[in-house]
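# A structural walkthrough
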Amino acid sequence: MNRKNTINDGACFNGGMVFPVKMIAPNGEATYPQIMLNNNEEVQEALNKLLWEEAEKYIRLYLRGKADLAYNVIRKDSKLLTIQLISGKDTFVHHNINIIPGEKKKTELKDILDVKSKDLVELLNVLNNNSKITWDSKLTNEWYTREDNLYLMKNVNGIDEVSGYDINNLTRYIKHKNFLPGNEENKKAKKS
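Presented here is a report on the structure given in the accompanying data block.

About the cut-offs
- Residues numbered from 1 in each chain as written.
- Predicted model: local features only at pLDDT ≥ 70, side-chain atom pairs only at ≥ 80, totals over all residues.
- Heavy atoms only, no water.
- Salt bridge = Lys/Arg side-chain N within 4 Å of Asp/Glu carboxyl O.
- Helix = DSSP H or I, 4+ residues; strand = E, 2+ residues; numbered from the N terminus.
- Buried < 20%, exposed > 50% of the residue type's maximum accessible area, 1.4 Å probe, protein only.
- Arc of directions from axis to C-beta.
- Contact = heavy atoms within 4.5 Å.
- Polar contact = N/O pair within 3.5 Å; in protein donor to acceptor, adjacent residues only side chain to side chain.
- Phe/Tyr/Trp six-rings, centres within 6.5 Å; stacked < 30°, edge-to-face > 60°.

Summed over the entire model, instances satisfying the criterion amount to 11 salt bridges. Of the charged contacts, one joins K104 and E42 as a salt bridge, the two residues approaching to 2.2 Å between their closest N and O atoms. Highlighted residues: K104 in the loop between β6 (92–99) and α2 (109–112) and E42 in helix α1 (residues 41–63), separated in sequence by 62 residues. By relative accessible area, which is 54% here, E42 ends up exposed. A salt bridge links D111 to K105; its shortest N-O distance comes to 3.8 Å. For K105, a relative accessible area of 45% puts it in the partly exposed group. Sharing partners across several salt bridges, the network here consists of E103, K105 and D111.

Structural data, given as structure tokens:
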């Protein structure tokens, strides 16, 4: 069994866990995430409502036999919980849900990065390591972080493309101090 494959796995984090809810039908299967928090039922309820709202269109595709649904917990530490929904049959769409623990809402890219800066867009294009992607003033809201890297996703001709950026190169544009390079939590995230 390949332990690097964490698709549809539960995941424990400080203060709670993400667990799978499975639906199986003759035409496919869908697994979507739910959250259980140890000590905050109000936040738990709000986050599960958020997860349902984010997954609903993919579940509807599943119910019509058009796509399966899976998820992957990409990050789970005291600074950020990132759950990626994966929907499709032959090709797949990836949708990232980022949540700062303790909050009841999705964390948008604009919450951590100064996305209105023209200089940022120019820098992202210079540092871009994926020739299929070009950024403009309408930056994506599909993003996730791993270790000291920020990954931005964009659907190009029906395929999700990803470009990775060393956060050290974006320090000047970071709005949320928890995402600054060298932060102890970022180092701990490498281990999770």
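With that settled, the discussion passes to helix α3 (residues 118–127). Taken as a whole, α3 has its buried residues at L120, V121 and L124. Around the axis of α3, the buried residues are gathered within 100 degrees of arc, so they sit on the same side. Exposed and oriented more than 90 degrees from the buried face of α3 are K118 and V126. Buried-residue contacts for α3 involve β8 (149–156) and β9 (159–166). A distance of 3.3 Å separates the backbone nitrogen of D119 from a side-chain oxygen at the start of α3, and that oxygen is part of S117.

With that settled, consider the packing of aromatic side chains. Summed over the entire model, instances satisfying the criterion amount to two aromatic pairs. On the numbers, 5.6 Å between centres and 70 degrees between planes, the contact of Y32 with W52 is edge-to-face. Taken as a pair, Y32 in strand β3 (residues 28–37) and W52 in helix α1 lie far apart in primary sequence, 20 residues in all. On the accessibility criterion, Y32 (12% relative accessible area) is buried.

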